[in-house]
Amino acid sequence: MLDPIQQPTIESVLHSSTLLNSLTAEEMQTLARNSRMARAARGEAVWLHGSEVEFFGLVSLGFVKMVKGSASGHDAALEIMGPGQIFGMMGTIEGVGCPLTAIAVTELSYLKIPKTTFGPIYEANHAFKDRLIRRSSIRLHDKMNLLARLSSGRVEQRMATILFMLTDSYGEETPAGVRLQVPLTRQDLAELAGTSTETAIRVMSRWQKEGVVATESHIITLLDTDALQEVLDHSG
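The rules behind each value
For every chain, the first residue of the written sequence is number 1, and numbering continues from 1 onward in sequence order. Totals for whole chains, interfaces and linings use all residues, but because this is a predicted model, local features are given only for residues with pLDDT of at least 70 and pairs of side-chain atoms are given and counted only at 80 or more. Values reported for side chains reflect all heavy atoms of the structure, with hydrogen atoms and water molecules removed beforehand. Only DSSP runs of H or I with at least four residues qualify as helices, and only runs of E with at least two residues qualify as strands; both kinds are numbered from the N terminus onward. The buried label applies to any residue whose accessible area, calculated with a 1.4 Å probe on protein chains only, is under 20% of its type's maximum; exposed applies above 50%, and partly exposed to all values in between. Contact definition: two residues touch when any of their heavy atoms are within 4.5 Å. Using a 1.4 Å probe, the Shrake-Rupley method yields the accessible areas, and only the shown protein chains count as cover for residues. Strand pairing is defined by DSSP finding a minimum of two bridges between the two strands. Here a helix's expected span is defined as the number of its residues, less one, multiplied by 1.5 Å. Along the arc lie the directions from the helix axis toward the C-beta atoms.

Chemist: Quick rundown of the overall build of the chain? Include the residues and the values.
Modeler: Looking only at helices and strands, one finds nine helices and twelve strands in the chain. Looking at the 236 residues of the chain, the share that counts as buried comes to 47%. Taking all contacts inside the chain whose residues are at least 6 apart in sequence as the whole, residues at least 24 apart take part in 71%. Here the chain displays about 12100 Å² of accessible surface, and carbon together with sulfur accounts for 53% of that area.

Here it is as structure tokens:
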């Protein structure tokens, strides 16, 4: 359970977002007055695919994954969002139901930003619109590249892709290697890589024996990034 003493203020959570930081001081104050903090337990759904919600989220503490269901019944996690990152904003802007299910990966604290408050701010701030469009285009391009690699590669390549993707946002250089600041179970990795939990366990166990990765309390450290890169470069 998150300690209330450690809870940041609504204002500090808003300012943790590099995207929202481009809003004016008055606009940020308006969001702060109308937004509310919320929590979700590990594994709890913040919202389900297709549901109508009156807010989008900004992560304060913990992590949330965005999941897409498939016809086969297997869920595919497309993104993991951490502190300072926004989830569900585009659905708010486009006025459509949630295209993805949002599930807490860890104990999660997040800010609920109401559509009714954000909508007028978005419509009036053209500089913010332009910035959001540019950022969304980059994210879409990155996501398409990721999905292409995840759909065409072997399981080992897909898992290596996921680990490298996570280092971009959550990697911390340590003497031992790159430590991912997000706790992930083998099931989380399996969902992200589009494979079974058993296969994810088998691949990670082999990589641990080979000294490629290390895991402690669901925290993964990449010990040999060159070896992981070789996995990506060879499709045999």
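Chemist: Please give an account of unusual backbone geometry that cites residues and values.
Modeler: Positive phi, close to 55°, is recorded for S217, a residue that is not glycine. One can find S217 in the loop between strand 11 (213–216) and strand 12 (219–222). A relative accessible area of 63% places S217 in the exposed class. Notably, H218 is not glycine yet its phi reads approximately 70°, a positive angle. Tracing the sequence through the fold places H218 in the loop between strand 11 and strand 12.

Chemist: Could you give me a rundown of the pairing of strand 8 (residues 108–114), with the residues and numbers involved?
Modeler: A large share of strand 8 lies buried, amounting to six of its seven residues. The pairing of strand 1 (residues 36–40) with strand 8 spans five bridges and is classified as antiparallel. Bridging across to strand 8, R39 finds its partner in S109. When strand 3 (residues 55–61) meets strand 8, the two strands line up antiparallel, connected through six bridges. Bridge assignment links V59 to a residue of strand 8, and that residue is Y110.

Chemist: Account for helix 6 (residues 155–170), naming residues and giving values.
Modeler: Over its 16 residues, helix 6 extends 22 Å from the first C-alpha to the last, a length consistent with the 22 Å expected when each residue adds 1.5 Å. Counting buried residues along helix 6, 13 of its 16 residues qualify, which places the element largely inside the surrounding structure.

Chemist: Quick rundown of helix 8 (residues 197–209)? Include the residues and the values.
Modeler: With 13 residues, helix 8 extends 18 Å between its outermost C-alpha atoms, agreeing within 8% with the 18 Å of an ideal straight helix rising 1.5 Å per residue. Inspection of helix 8 places T199, A200, V203, M204 and W207 among the buried residues, and these make up the whole buried set. The buried residues of helix 8 occupy one face: seen down the axis, they fall within an arc of 125°. The exposed residues of helix 8 that point more than 90 degrees off its buried face are E198, R202 and K209. On its buried face, helix 8 sits against helix 6, helix 7 (186–193), strand 11, strand 12 and helix 9 (225–233). Note on helix 8: the residue one or two positions beyond its end, G211, has a positive phi of about 80°.

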